Amino acid sequence: MKLVIGADHGGVDLKTEIEKYLDANGYDYHDVGTFSHEAVDYPDIGRAAAEYIAAGKADLGIVICGTGIGISISANKVPGIRCALLSDVFSAKRTREHNNANMMALGARVIGPGLAVELVDAFLHTDFLKDESRHVARVEKICGIEKKYCGEEK
């Protein structure tokens, strides 16, 4: 599994903590930045990480900003992305099982590094319930909405 990770200046320290977990567990990942506390715009980071997945260069992504809200909204603007803002383990598992989310967003000013690593672990170790037709049908409906508003459906 290939991952992509990115954070704005508000999430750079939490990104570093998550990367320690990823390194210790042998994950292959690409970091789209940022690498300092110098201010950057979260939409640029969210878009870069989402485009990395949309291009097939990564399977799953992790994005971080102060609250996780702005960066998740930005990532979700890229066709094919289903990015969930997470703050509890139950939701981290369910968004993979039920929504086939391919990105997770975290708020560095909302949760601490311990919980963040738990959320990443739960997200990465949970699979989509592709054998349960109701979940497949619902994700297909989500994709249908996206196609309609991205001009792919008339």
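Our subject in this report is the structure included herewith. Treat the numbers as computed from the prediction; the structure is a model and nothing was measured.

### Here's the deal with the overall build of the protein
Inference 1: Secondary structure summary: the protein contains six helices and five strands in total.
Inference 2: Along the chain direction, N to C, the helices and strands of the protein fall in the order β-α-β-α-β-α-β-α-β-α-α.
Inference 3: For 154 residues, the compact-globule formula gives about 15 Å, and the C-alpha radius of gyration of the protein, at 15 Å, lands near that figure.
Inference 4: Here the C-alpha coordinates of the protein stretch approximately 45 × 30 × 25 Å along the principal axes.
Inference 5: Burial status across the protein gives 44% buried among its 154 residues.
Inference 6: Across the protein, every contact between residues at least 6 apart in sequence was considered, and the portion connecting residues at least 24 apart equals 68%.
Inference 7: Summed over all atoms, the accessible surface of the protein reaches about 7,900 Å², with 50% contributed by carbon and sulfur.

### What to know about the sheet that holds strand β4 (residues 83–85)
Inference 1: One open sheet holds the five strands; their spatial order is β2-β1-β3-β5-β4, and the pairing between them is parallel. At either end of the open sheet lies a strand with only one pairing partner, and these are β2 (28–31) and β4. Recorded for the sheet is a direction-independent mean angle of 20 degrees between the axes of neighbouring strands.

### Some points on a nonpolar patch on the surface
Inference 1: The grouping of I69, I73 and L85 at the surface amounts to a nonpolar patch, some 260 Å² of accessible area in total.
Inference 2: Turning to its location among the elements, L85 is positioned in strand β4.
Inference 3: Judged by relative accessible area, which is 40%, L85 ranks as partly exposed.

### As for the pairing of β2
Inference 1: Here four bridges tie strand β1 (residues 2–7) to β2, and the two strands are oriented parallel to one another. Residue pairing for β2: L3 is matched across the bridge by Y29.

Calculation criteria
The written sequence of each chain sets the order in which its residues are numbered from 1. Residue-level local features of this predicted model are given only where pLDDT is at least 70; pairs of side-chain atoms are given and counted only at 80 or more, and the full residue set underlies all totals for whole chains, interfaces and linings. The side-chain quantities take in all heavy atoms of the structure and omit both hydrogens and water. Only DSSP runs of H or I reaching four residues or more are called helices, and only runs of E reaching two or more are called strands; each is numbered from the N terminus. Atoms considered for the radius of gyration are the C-alpha atoms alone. The globule rule reads 2.2 Å times the number of residues to the power 0.38. A 1.4 Å probe rolled over the protein chains alone gives each residue an accessible area, and that area as a share of the maximum for its type sets the label: buried under 20%, exposed over 50%, partly exposed in between. For this analysis, residues touch if any pair of their heavy atoms sits within 4.5 Å. Note on areas: these come from Shrake-Rupley sampling with a 1.4 Å probe, and a residue is covered only by the protein chains present in the view. A strand pair is defined by DSSP finding two or more bridges across the two strands. Whenever a helix is involved, its axis is fitted only over the stretch in contact; in every case the axis is a line through C-alpha atoms, and angles between N-to-C directions fall within 0 to 180 degrees. Residues forming no salt bridge and having over 30% relative accessible area are the ones grouped into patches, like charges within 9 Å of each other and nonpolar side chains (Val, Leu, Ile, Met, Phe, Trp, Tyr) within 5 Å. Just to be clear on terms, a salt bridge is a Lys or Arg side-chain nitrogen sitting within 4 Å of an Asp or Glu carboxyl oxygen.

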